[in-house]
Amino acid sequence: MQLENLTSFIGTEVKNIDLREPVSDADFAVLRDTLNQRSVLLFRGQSINESQHVAFSRRFGPLLGHVLTQFLKKEHPEVYVLSNVSENGKPIGNHKEGWNWHSDLSYKAEPSMGALLYALEVPPVEGDTFFASMHAAYEALDDDTKARIRHMTATHSYANYYGKAFADRNPLTPEQLAATPDVVHPLVRTHPETGRLSLYVGEDVVKHIDGLPAEESTALLAELNAHAISPEFSYRHKWLAGDLLVWDNRCTMHRATPYDDNVYRRVMHRTTVAGDRPF
């Protein structure tokens, strides 16, 4: 196993490893430590099936489903499908998911620790994914801003996100709304394994900063989001079929980019690792 950093601040490619085979405890300890330090792991050239994807994912912790249960694999409900492909007149996965900056499941009381996204089919151009280091973004703030936001909280809302991202679809059902009530999280969170601080913001899913007038909240969120996704904190991943990306939702944001979905197919499988309440 060989490690090669993708940028100076985020991302490491893991080479000479075949995830069809069980990863030894010693090698996995290196992977976990590298994820804690580098936030994103890339495994290229993999050829894993759903069972192998799920088995490797479980090494990071218990797995979560998704409120949009129609896009979960029946044989492996831990696998959430992201795709523009339809079969028999029905979409096999959620399309246009994550086209804004976000951290997965931040709208849950106990958001996701991380996610593992595996590329089965990808467009030859576009359809990339950006990642931003929230550690680097927080550490680059001036001292006055750090002091101002250190103990602020924000309300995260799946209903708010869904209404903006999928305005052309059927609304969430009462059951889905009941499963995703608004939640409150710190604006600056502490990584439970490293103790490092990071911004915890996002577009659309973060409805407002608590305790501020609406106009002030909107302005501060816009300022923090714009700062967080600055190029100096970001990595752009160009997908190849067989790529598996692992990322730490506790200290990154990411977003997918559009592609010509009238021409190209995209099929991705995601597993999501459970986390705990931010602090």
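Residues numbered from 1 in each chain as written. Predicted model: local features only at pLDDT ≥ 70, side-chain atom pairs only at ≥ 80, totals over all residues. Heavy atoms only, no water.

Caption draft 1: Structural context of the sheet that holds strand 15 (residues 234-237). As summarised here, the arrangement of the three strands in space is 15-9-17, forming an open sheet in which the pairing is antiparallel. The open sheet has two edge strands, strand 15 and strand 17 (252-256), and neither has a second partner. On average, each strand axis in the sheet is inclined to that of its neighbour by 20°, with strand direction left out of account. Two elements, strand 9 (residues 129-133) and strand 15, share four bridges in a ladder whose sense is antiparallel. By the bridge assignment, A132 is partnered in strand 15 with S234. (Pairing = 2+ DSSP bridges. Helix = DSSP H or I, 4+ residues; strand = E, 2+ residues; numbered from the N terminus. Axes fitted to C-alpha atoms, helices over the stretch in contact; angles between N-to-C directions.)

Caption draft 2: Spatial organisation of the environment of H254. Tracing the sequence through the fold places H254 in strand 17. Spatially, the C-alpha atom of H254 lies 6.6 Å from that of S103, the residues being 151 residues apart in sequence. Non-local contacts of H254, meaning those with residues more than four positions away in its chain, are made with N100, W101, H102, D104, T129, F130, F131, W247 and N249. A polar contact of 3.3 Å, which involves the side chain of H254, links it to the side chain of D104. (Contact = heavy atoms within 4.5 Å. Polar contact = N/O pair within 3.5 Å; in protein donor to acceptor, adjacent residues only side chain to side chain.)

Caption draft 3: Region of the structure containing the sheet that holds strand 10 (residues 153-156). The antiparallel open sheet is built from three strands, whose spatial order is 11-10-14. If you trace the sheet from one side to the other, it starts and ends with strand 11 (183-186) and strand 14 (206-209), each paired once. When strand polarity is set aside, the average angle formed by the axes of neighbouring strands in this sheet is 30°. By the bridge criterion, three bridges tie strand 10 to strand 14 in an arrangement that is antiparallel. Considered in strand 14, the bridge of A154 is made with I209.

Caption draft 4: Looking closely at the pattern of salt bridges. Going through the model one piece at a time under the given rule, you end up with 17 salt bridges. Close ionic contact of R58 with E78 constitutes a salt bridge, the shortest N to O distance being 2.6 Å. Of the two residues, R58 sits in helix 2 (residues 50-58) while E78 sits in the loop between strand 4 (63-64) and strand 5 (80-83), which places them 20 residues apart along the sequence. Judged by relative accessible area, which is 47%, R58 ranks as partly exposed. Residue classification places E78 among the buried residues on the basis of a relative accessible area of 18%. In this structure, the salt-bridge partner of E193 is R250, at a minimum N-O distance of 3.0 Å. Here R250 lies in the loop between strand 16 (244-248) and strand 17 and E193 lies in the loop between strand 12 (188-190) and strand 13 (197-199), a separation of 57 residues in the sequence. Relative accessible area serves as the criterion here: at 39%, E193 is assigned to the partly exposed category. What emerges from the salt-bridge pattern is a single network uniting R32, E193, D248 and R250. (Salt bridge = Lys/Arg side-chain N within 4 Å of Asp/Glu carboxyl O. Buried < 20%, exposed > 50% of the residue type's maximum accessible area, 1.4 Å probe, protein only.)

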